[in-house]
Amino acid sequence: MVKGYEVVIGLETHAELNTESKIYCDCKNQFGLEVNSQVCPICMGMPGTLPTLNEKVVDYAIKMGHALNCNINRICKQDRKNYFYPDLPKAYQISQAEVPLCENGYVDILVDGEEKRIGITRIHIEEDAGKLLHSDKFHGVSLVDLNRCGVPLIEIVSEPDMRSSQEAKVYLETLKSILQYLGICDCKMQEGSIRCDVNVSVHKPGEPFGTRSEMKNVNSFSAAVRGIDYEVERQISVLESGGTVEQETRRWDDDKGVSVPMRSKEDAQDYRYFPEPDLLTIVVEQERVDELKKSIPELPNIKILRYVKQFCLNIKDATFIAESVSLAKLFDDCMTKDKFHAKCYTTWILGDLVKYMNATGKTLEDTKLNPENLTELVEAIENKTISNAGGKKVFAVILEADKKVSDIIEEQGLAQVSDDSALEKIADEVLAANEKSVNDYKGGKTNALGYLVGQCMKASKGKANPGKMKEIILKKLG
Amino acid sequence: MELFERNACDLSEMIKSRKISSKELTESVFGRIKAVEGKVDAYLTLDKENALKKAEEVDAKIAAGEELSPLAGIPMGIKDNISTKGLKTTCASKMLYNYVPPFNATVMNKLESNDVVVTGKLNMDEFAMGSSTENSHFKPTRNPFDTDRIPGGSSGGSAAAVAACEAIVSLGSDTGGSIRQPASYCGVVGLKPTYGSVSRYGLVAFASSLDQIGPLGRCVKDVAMVQSAIAGHDRYDATSAYREYPDFSAALNADVKGLKIGVPKEYFGDGIDPFVKQSVMNAVKELERLGATVKEISLPSTDYALSSYYIISSAEASSNLARFDGVRYGFRAEDYDGLVDMYERSRSEGFGDEVKRRIMLGTFVLSSGFYDAYYKKAKLLQRRIQQEFSDQFADVDIIATPTVPTTAFKIGQNTDDPLKMYATDICTVTVNIAGLPAISIPCAYDDKGLPVGIQLIGGKFTEQRLLNSAYAFEQLVGGFKKPQL
Amino acid sequence: MNIDIKHIAKLARLHIEDDQLEKFESEMQNIVDMVEKMPDIEDEMTLDPSNPMRLREDKAVQDKFTRQELMQNAPQVKAGCLVVPKTVE
Ligand SMILES: [Mg+2]
Ligand SMILES: [Zn+2]
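These numbers come from a predicted model, not from an experiment.

Draft legend 1. Layout of the packing of aromatic side chains. Using the criterion set out here, one finds 28 aromatic pairs over all chains in the structure. Between Tyr83(A) and Tyr271(A), the ring centres sit 5.7 Å apart and the planes meet at 70°, which makes this aromatic pair edge-to-face. With Tyr83(A) in the loop between strand S4 (79–82) and strand S5 (92–95) and Tyr271(A) in the loop between strand S14 (258–261) and strand S15 (274–275), this pair connects stretches of sequence that are 188 residues apart. Considering the side-chain rings of Phe127(B) and Phe324(B), the 4.9 Å spacing of their centres and the 50° angle between planes classify their relative orientation as tilted. Here Phe324(B) lies in the loop between helix H9 (302–320) and helix H10 (339–350) and Phe127(B) lies in the loop between strand S3 (117–122) and helix H5 (156–163), a separation of 197 residues in the sequence. Residue classification places Phe324(B) among the buried positions, given a relative accessible area of 1%. Members of the aromatic cluster, each reached through a chain of ring pairs, are Tyr99(B), Phe127(B), Phe324(B), Tyr329(B) and Phe351(B). The ring of Tyr92(A) carries the charged tip of Arg80(A) above its face, separated from the ring centre by 3.9 Å.

Draft legend 2. The arrangement of the state of the cysteines in detail. Scanning the entire structure with this criterion turns up 0 disulfides over all chains. Of all cysteine sulfurs, the one in Cys427(B) lies closest to Cys443(B), which takes part in no disulfide; the gap is 12 Å.

Draft legend 3. Expanded view of the interface of chain A and chain B. Between chain A and chain B, the contact holds 31 residues from the first and 37 residues from the second. In this assembly, chain A and chain B are joined by 1 salt bridge. Note that Asp278(A) is salt-bridged to Arg200(B), the shortest N-O span being 3.0 Å. Along the contact surface separating chain A from chain B lie 13 residue pairs in polar contact (both at pLDDT 80 or more). Going through the elements one at a time, S4 and S15 of chain A are the ones with two or more residues in the side of chain A that touches chain B. A breakdown of the residues in the side of chain A that touches chain B according to their chemical character gives 20 nonpolar, 5 polar and 6 charged.

Draft legend 4. Spotlight on the sheet that holds S4(A). Taken in spatial order, the 3 strands of this open sheet run S5-S4-S15 (chain A), and their pairing is antiparallel. Two strands in the sheet have a free side with no partner beyond their single neighbour: S5 and S15 of chain A. Both S4(A) and S15(A) contribute to a ladder of 2 bridges, which runs antiparallel. Residue pairing in the sheet places Arg80(A) in a bridge with Phe274(A) of S15(A). Strands in contact with H9(B) are S4, S5 and S15 of chain A; relative to S4(A), the strand with the most contacts, it is inclined by about 60°.

Draft legend 5. Quick look at the packing of helix H8 (residues 342–360) of chain A against helix H10 (residues 388–400) of chain A. Residue and element names in this part refer to chain A. Closest axis-to-axis distance for the H8/H10 pair is 11 Å, and the angle between their directions is 55°. The pairing of H8 with H10 is recorded here as oblique in orientation. For the pair H8 and H10, the sense of crossing is right-handed. Residues Trp-348, Asp-352, Leu-353 and Tyr-356 of H8 lie in contact with H10, whose contacting residues are Gly-391, Lys-392, Phe-395, Leu-399 and Glu-400. Considered class by class, the residues forming the contact of H8 with H10 number 5 nonpolar, 1 polar and 3 charged.

Draft legend 6. Region of interest: the pattern of salt bridges. By the definition in use, this model includes 67 salt bridges over all chains. For the salt bridge of Lys436(A) with Asp440(A), the shortest nitrogen-to-oxygen distance reads 3.4 Å. With Lys436(A) and Asp440(A) both in helix H13 (residues 435–442), this residue pair falls 4 residues apart, about one helical turn. Asp440(A) gets classed as partly exposed once you look at its relative accessible area, which sits at 22%. The salt bridge partner of Asp18(C) is Lys6(C), with a shortest N-O separation of 4.0 Å.

Draft legend 7. Looking closely at the layout of surface pockets. Its boundaries defined by the atoms lining it, the second largest pocket holds a volume of some 1500 Å³. For the second largest pocket, the lining is made up of 47 residues, of which Leu280(A), Thr281(A), Gln386(B), Asp48(C) and Asn51(C) are closest to its centre. When residues of the lining of the second largest pocket are traced back to their parent elements, those giving at least two are helix H12 (372–392) and helix H14 (429–434) of chain B. It is H12(B) that contributes the most residues to the lining of the second largest pocket, 9 residues altogether. Here the residues of the lining of the second largest pocket sort into 21 nonpolar, 15 polar and 11 charged.

Draft legend 8. Geometry of the coordination of the magnesium ion (ligand 1). Residue and element names in this part refer to chain A. The magnesium ion (ligand 1) binds to the protein through Glu-126 (OE), Glu-126 (OE) and Glu-155 (OE); the donor distances cover 2.0 to 2.7 Å. On the criterion of sequence distance, the pair formed by Glu-126 in strand S7 (residues 114–127) and Glu-155 in strand S10 (residues 152–158) is long-range, its members being 29 residues apart. For the pair Glu-126 and Glu-155, one class covers both residues: buried.

Draft legend 9. Just the nonpolar core, in detail. In this structure, Phe127(B), Phe324(B), Phe351(B), Met360(B), Phe389(B), Ile454(B) and Leu456(B) are the most contacted members of the largest nonpolar core, which totals 142 residues. Counting residues per element, this core draws most heavily on H9(B), at 8 residues. Beyond its immediate sequence surroundings of up to four residues, Phe351(B) is in contact with Ser93(B), Met95(B), Glu126(B), Phe127(B), Leu321(B), Phe324(B), Lys356(B), Ile359(B) and Leu14(C). Judged by nonpolar contacts, the second largest core, of 111 residues, contains Val111(A), Ile125(A), Trp348(A) and Ile349(A).

Draft legend 10. Summary view of the interface of chain B and chain C. Across the contact, 53 residues belong to chain B and 47 residues belong to chain C. Note on chain B versus chain C: buried area summed over both sides is about 4600 Å², and carbon and sulfur give 69% of it. Across the contact surface, chain B and chain C share 6 salt bridges. Its salt-bridge partner being Asp40(C), residue Lys377(B) comes within 3.1 Å of it at the nearest N-O pair. Our count for the contact surface shared by chain B and chain C stands at 17 residue pairs in polar contact (both at pLDDT 80 or more). Here the element with the most residues in the side of chain B that touches chain C is H12(B); it accounts for 10 residues. In the side of chain B that touches chain C, the residues fall into 31 nonpolar, 9 polar and 13 charged.

What counts, and where the lines are drawn
- Residues numbered from 1 in each chain as written.
- Chains lettered and ligands numbered in written order.
- Predicted model: local features only at pLDDT ≥ 70, side-chain atom pairs only at ≥ 80, totals over all residues.
- Heavy atoms only, no water.
- Phe/Tyr/Trp six-rings, centres within 6.5 Å; stacked < 30°, edge-to-face > 60°.
- Helix = DSSP H or I, 4+ residues; strand = E, 2+ residues; numbered from the N terminus.
- Buried < 20%, exposed > 50% of the residue type's maximum accessible area, 1.4 Å probe, protein only.
- Lys NZ or Arg CZ within 6 Å of the ring centre and 35° of its normal.
- Disulfide = S-S within 2.5 Å.
- Contact = heavy atoms within 4.5 Å.
- Salt bridge = Lys/Arg side-chain N within 4 Å of Asp/Glu carboxyl O.
- Polar contact = N/O pair within 3.5 Å; in protein donor to acceptor, adjacent residues only side chain to side chain.
- Nonpolar A, V, L, I, M, F, W, Y, C, P; charged D, E, K, R; others polar.
- Pairing = 2+ DSSP bridges.
- Axes fitted to C-alpha atoms, helices over the stretch in contact; angles between N-to-C directions.
- Parallel < 35°, antiparallel > 145°, perpendicular 65-115°, else oblique.
- Left-handed = near helix turned anticlockwise from the far one by under 90°.
- 1 Å grid on protein atoms, 1.4 Å probe; cavity = no way out; pocket = protein on both sides within 12 Å on 5 of 7 lines; lining within 4 Å.
- Points joined across faces, edges and corners; volume = space filled by probe spheres on them.
- Donors = N, O, S within 2.8 Å, 3.2 Å for Na, K, Ca; no water.
- Core = buried A, V, L, I, M, F, W, Y, C linked by side-chain atoms within 4.5 Å.
- Buried area = accessible area lost by both parts, 1.4 Å probe.

Below, the structure written as structure tokens:
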């Protein structure tokens, strides 16, 4: 609720699929290359050219459909969406109108610890458009780069089930992590591989939904939050001043922090959708649909809940690990060994590992860390073979070198001394040399104990097991 | 007999046996072009230099003992809506007056590997929209049988060039009759293949679901030879069929004993010229005499085929022709104020009236609020028409009809009345709507010496049977008669 | 049936001169009249799974064409790009 209004948000999210070739031609699907270098007569819309559909695009869309619990329309078709714009060479976008590949699904997201179900209306496949380049230096013209034409997209349309910009953000983050889990989208926001259009309306509680506006050009999740918040405020102030909200398309200007109307009502778009006559019916065999379903891994939103329930992780930690494909895999692989408590691993993963990755800019794949050496390390600590301080030294090595934990412990002489007679010898020496502290302790100054244990550790060059050392000293002090 | 007058099947033997060279033949054809092109105006672009180069190449290959295609060294003209790499492809439109494709249509690659000699690009109605070749932006083509008359269209240049012996064979395209109708008017043989049997890749689209490239020639065997060369699955055309095709010309067989011919009464109604009606009925009787059986049939939805055709083809055309916006290729207006104005001026100045009319109609029938009443209804009718045909083909082998209701009309006679012009397609559009193959062959000449064609329609992928029937008929009645020019 | 010729022309990005408007309107009207004689059909369009489309393998082919070849037909080119009047953003 904002100022006594309920907010209703629906999102249309476009994700670029990371196939090798484009959706309707065999040009390379790659970002950031020289302008107009990844084009051919087909994606340039030359007269006489025809599209041929990339099978991976269908597979990927079906995977996403399964991940979002959709019905898969294994018999479906493609349609033309007609409009003129210089970034659209054929003057129509091949998309899906009547029968999308996937529909009627949902995704469960976690907002402030509460589970919430967001309906998914549909997922369809379509082609991306090119890019217009603008600059004051171009003197009244814009330049057209067609490299992005024909990059495969899936459009994921949600039901108007979100009630705050925060929910929209969590929904988008959930989609992003699912796309990453499926390995079908690079999710590089700065390259525009996920973009969304936002539908927002407001209404007074108990009243029907208000008129919605559609906001385009939302290129990051934080921009989505800013855009929604702005739009909500705008609509409320329109209503409060006695006006009505128009059903219109607006463009979000993130630099200025405002949304502006894109086109006036009189030239409202009429896309004249009709079935794409250059392509036949898509028919995916049921076996293929099932196969793709089997290939879906446990998804991050499900993982988070499991981590919380099964391993008692807090939501923040569970989310952090689950939303990273590689961290979650590392954690899951360690946990399947079923040897130690989750906390033993999360301390390392969320602590030293993340610190290292942040400092070096490396990914987990860039390090030498794996479930085997991490488990060995945890084992050495839990068995008290090495101290926590020794563990940190070992960890630093296994991040960068292919070495066995036991070899590192030996090489660096990190093994703790737990042998009673050796420890007693040290204790005797230290107690003899620190008569004052011994007397202090006996006189009631209990903090002298810490000093004595510290001296013992020092004498052992850090190898003594501190717990045991303390025990022995206490016994000797009687 | 001059070389340019001979048929491809004879010339093929002569080249193979080294009685003549392809170069001699090519020079003969270009000599003929020089002599009569001024009267016919069949070509938009001539490519003599490359044609002779190709002919010499073929001659060298034959001298080296290479085994070549039967079409090797045969001069062929190409309709100007088929993309030819490095050779202007204008669709007879101001919009593409200077457009040179950087790639070949799949059929052109096939012809290239068959060592065909391409003479040049042939005139047509702008973007294949029309029935007379008067809608060419550049010039009208004339009927070689009477140069005051139209050659038909839209493949008017393809039919006229073959009839005038300015090419041995040619390629046209057929969306609603555009190969068969001019073939009929110009007294040549024209085949509209089954939808999906010839790749459309590189054919500048008019109506994607109806367009099909096909051959024209002066005899059935020539048409069969070209069809064999161009048919086949193409991975660049998702609508092309996965199947193997026989060598149509090698398998030609004039035996029609037992062939069941259906004669649909709807095609012999009031709109059909009595002489045309009579000529077609006579032709059917000839086939009956050869051992075929004849049966009257009914295709009741024929009356609506033209409406269905104009809706579907215009809808698709409005979308297919939207890409001509003056940005990537083709005509751009000189003066404009901003993007939308550039679009509107370039398109309005670049397209002719008939093209604009169809774009407008297509835009209208697809626009919000009208889609169901027009486009959807037309598609439902299409399904009904397809069903009627397939029901009939359970019973008969081929269906015989006139190709066009009349003989060729005078230039300018129908240009003011689109509907009258559209009516010339009445016998041919159903075939495209149903995706079937059909062939037009000359069957008579009227008192003015103008040719009349008979159309034989077959079930899907029955080209061999159609060609056989046409071949039988040709053997019996004789086919092409050279016009006086 | 009234056809809003100007609106249709706008959608089609065609500019029709005022003196041509009437001619276009009546020609279009004639065509639409012909078309409206179509019978009513109580039926729905259905998808046809009997003729399924074969899909293309996801393989990229590089350097099939040079940019120069692909842009040679463009009315205006600058810095490797196509040039259009400034689009209002
Ligand atoms: Mg979309
Ligand atoms: Zn491409």
